[in-house]
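# Overview (structure and organization)
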Amino acid sequence: MAEKDSSPLSASIVRGLTDKLVERRKAAALELERMVKEHVQVNEYSRIKQAISALEHDFTLSSSPNSRKGGLVGLAATAIALGRASIGMHLPELVQPVLTCFEDQDARVRYYACESLYNISKVARGAVLVFFNNMFEGLCKLSADADANVRYGAELLDRLMKDIVSENPHFDIDDFILLLRNRIYTQDGFARQFLVSWIAFLDSVPDIHMQEHVPEFIDGLFCILGDQRKEIRRMTEETLGELLKEIEHHGSTVRFDAMANIIAVHSQSEGKQLITSLLHHQNCCHDLYNCDVSFLLTYVTISSLDYYHDILVM
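About the thresholds
- Per-chain numbering applies: the sequence of each chain, read as written, is numbered from 1 onward.
- In keeping with the predicted nature of the model, local features appear solely for residues at pLDDT of at least 70, side-chain atom pairs appear and are counted solely at 80 or more, and the whole-chain, interface and lining totals rest on all residues.
- With hydrogens and water stripped out, all remaining heavy atoms of the structure feed into the side-chain values.
- Runs of E in the DSSP output that reach at least two residues are strands. Runs of H or I that reach at least four are helices, and both are numbered from the N terminus.
- Relative accessibility under 20% of the residue-type maximum defines a buried residue, over 50% an exposed one, and the middle range a partly exposed one, all with a 1.4 Å probe and only protein chains included.
- A contact between two residues is defined here by any heavy atoms of the two lying within 4.5 Å.
- Contacts described as polar in this section are N or O atom pairs within 3.5 Å, which, within protein, must combine one atom able to donate a hydrogen with one able to accept it, while residues neighboring in sequence count only if both atoms come from side chains.
- Here, nonpolar core means buried Ala, Val, Leu, Ile, Met, Phe, Trp, Tyr and Cys residues that are tied together by side-chain atoms lying within 4.5 Å of each other.
- For this document, the term salt bridge refers to a Lys or Arg side-chain nitrogen within 4 Å of an Asp or Glu carboxyl oxygen.
- Aromatic rings from Phe, Tyr and Trp, with only the six-membered ring used for Trp, were paired whenever their centres fell within 6.5 Å, and each pair was classed as stacked if the ring planes differed by under 30 degrees, edge-to-face if by over 60, and tilted otherwise.
- Either the NZ atom of lysine or the CZ atom of arginine qualifies as a charge over a ring when it sits within 6 Å of the ring centre and within 35 degrees of the ring normal.
- To get an axis, fit a line to the C-alpha atoms, keeping to the stretch in contact for a helix; angles then go from 0 to 180 degrees between the N-to-C directions.
- Crossings are classed by handedness, with left-handed meaning an anticlockwise turn of the near helix from the far one by less than a right angle and right-handed meaning a clockwise turn.
- In a helix, the anticipated span is given by 1.5 Å times the number of residues less one.
- Note on terminology: angles under 35 degrees are roughly parallel, angles over 145 are roughly antiparallel, angles of 65 to 115 are roughly perpendicular, and the others are oblique.
- Each residue is assigned to one of three groups, with Ala, Val, Leu, Ile, Met, Phe, Trp, Tyr, Cys and Pro labelled nonpolar, Asp, Glu, Lys and Arg labelled charged, and all others, Gly among them, labelled polar.

## Thoughts on the overall build of the protein
On a plain count of helices and strands, the protein comes out with 17 helices and zero strands. Burial analysis of the protein (314 residues in total) assigns 50% to the buried set. Within the protein, contacts between residues separated by at least 24 positions form 68% of all contacts whose residues are at least 6 apart in sequence.

Have a look at this one:
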């Protein structure tokens, strides 16, 4: 197929992309990049679409790992050649095959998928956020991958995604909270670090008010706080501490009543010290007048603070 004049990819590109040697795949990718740039200059976008289709069906869906890796390299090269001005119309065809390769059985293919999506996202920037949900779920899995190289590749892509999110004022925080809730009870240490890092990152973005969503994920955070690994506990404590500062500054926007039962459960375990700080906050105490009395009794039992005894008997 590749040797016919009508083929979107030259024979040399096909041979190079399927070669087992990295250098030859890179050389073929450069040739593909030059070809796509030529198509862009003369507005031959149908030829580009055909090339992308070939990279997906003949390469990334191949039974050969080398072909799948070559397809991923080719998709990234195509994105670079398109540039930010032209990538939008081809973005779904570029991204979807790469996301599929996140699930590949071959660790090297999964690594190449991270690298490919990194290069695609670096060109597309905010436009790639259309695929954020699938990318986030994929990165959450890859952050816990058994292969260290895959985890490293996922970490690089994760950093880029955070940069892109910080640049975009229209990031959908509600969608993110749903994703977070579906993942936050994971027992995997790497995945826990990944999730906590995203909570901490979004809390640092000025236009995103994470304190308003704390009731949606604080139970999961307290569970992670009980992790046996010191580093995970440390970063979770720091994140909860930063969220507490936001609550102290913007207490009127926080639904304390929604956290009452959660706080009651965790007040006897890992979160006791942080909960003590939380309940010292004036707005919190004010809202707790209307909370379940059993919760206040639980807290009084473990705190032995006369202040909260006074609240209870008022």
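## Structural notes on the side chain of Asp19
Structurally, Asp19 is set in the loop between helix H1 (11-17) and helix H2 (22-41). A polar side-chain atom of Asp19 sits 3.2 Å from a polar atom in the side chain of Arg24. Excluding its chain neighbours within four sequence positions, the residues that come into contact with Asp19 are Arg24, Arg25 and Asn66.

## Quick notes on the nonpolar core
Grouped together as the largest cluster of nonpolar side chains are 89 residues, with contacts concentrated most on Phe132, Met161, Phe176, Trp198, Leu202 and Phe217. The dominant element in this core, judged by the number of residues it contributes, is helix H6 (residues 107-124), at ten residues. The contact partners of Met161, leaving out residues within four places of it in the chain, are Ser121, Val128, Leu129, Phe132, Met135, Leu139 and Trp198.

## Some details on the pattern of salt bridges
The final tally for this structure, using the stated rule, is 15 salt bridges. Measuring nitrogen to oxygen at the nearest pair gives 2.6 Å for the salt bridge that ties Asp227 to Arg192. Here the residue Asp227 occupies a position in the loop between helix H11 (214-225) and helix H12 (230-249), and Arg192 occupies one in helix H10 (residues 189-204), the gap between them amounting to 35 residues. According to the relative accessible area criterion, Asp227 is buried, its value standing at 3%. On the accessibility criterion, Arg192 (5% relative accessible area) is buried.

## A few points about the packing of aromatic side chains
The relative placement of two aromatic rings is captured by the distance of their centres and the angle of their planes. Applying the stated criterion across every chain yields a total of ten aromatic pairs. Consider the rings of Phe136 and Phe194, whose centres lie 5.1 Å apart with planes at 40°: the pair is tilted. A residue pair is termed long-range when its members are at least 10 positions apart, and Phe136 in helix H7 (residues 132-142) and Phe194 in helix H10 qualify at 58 residues. Each member of the pair, Phe136 as well as Phe194, carries the same accessibility label: buried. Geometrically, the ring pair formed by Trp198 and Phe201 is edge-to-face, given 5.4 Å between the ring centres and 90° between the ring planes. Taken together, the residues Trp198 and Phe201, both in helix H10 and three residues apart, mark about one turn of the helix. For Phe201, a relative accessible area of 15% puts it in the buried group. Grouped by ring-pair contacts, the aromatic residues Phe132, Phe136, Phe171, Phe176, Phe194, Trp198 and Phe201 constitute a single cluster. Over the ring of Phe190 we find Arg151, and its NZ or CZ is 4.4 Å from the ring centre.

## Quick notes on the packing of H7 against helix H8 (residues 148-167)
Direction vectors running N to C along H7 and H8 enclose 145°, while the axes themselves pass 9 Å from each other. Crossing geometry of H7 relative to H8 is assigned as left-handed. Contact residues: Phe132, Met135, Leu139 and Leu142 in H7; Val150, Arg151, Ala154, Leu157, Asp158, Met161 and Val165 in H8.

## A closer look at the environment of Leu21
One can find Leu21 in the loop between H1 and H2. Along the primary structure Leu21 and Asn66 are separated by 45 residues, whereas in three dimensions their C-alpha atoms are 8.9 Å apart.

## Some points on H10
In this model H10 runs 23 Å from its N-terminal to its C-terminal C-alpha over 16 residues, within 8% of the 22 Å that 1.5 Å per residue would give. Most of H10 sits inside the fold, with twelve of its 16 residues counted as buried. Among the residues of H10, those classed as buried are Gly189, Ala191, Arg192, Phe194, Leu195, Val196, Ser197, Trp198, Ile199, Phe201, Leu202 and Asp203. Considering only its buried residues, H10 is in contact with H7, H8, helix H9 (173-183), H11 and H12. For H10, the side-chain oxygen to backbone nitrogen distance between the N-cap and Phe190 is 2.9 Å, and the N-cap itself is Asp188.

## Some words on the side chain of His90
Tracing the backbone shows His90 in the loop between helix H4 (65-86) and helix H5 (91-101). Taking the relative accessible area as the measure of exposure, His90 reaches 1% and is therefore buried. Excluding anything up to four places from it in sequence, His90 contacts Tyr45, Ile48, Lys49, Ile52 and Leu82.

## Focus on the packing of H4 against H6
Axis separation between H4 and H6 bottoms out at 8 Å; the angle between their running directions is 5°. Between H4 and H6, the angle is such that the two are roughly parallel. Contacts between H4 and H6 involve Pro65, Arg68, Lys69, Leu72, Val73, Leu75, Ala76, Ala79, Ile80, Gly83 and Arg84 from the former and Arg108, Val109, Tyr112, Ala113, Ser116, Asn119, Ile120, Lys122 and Val123 from the latter. For the contact of H4 with H6, the per-class residue count stands at twelve nonpolar, three polar and five charged.

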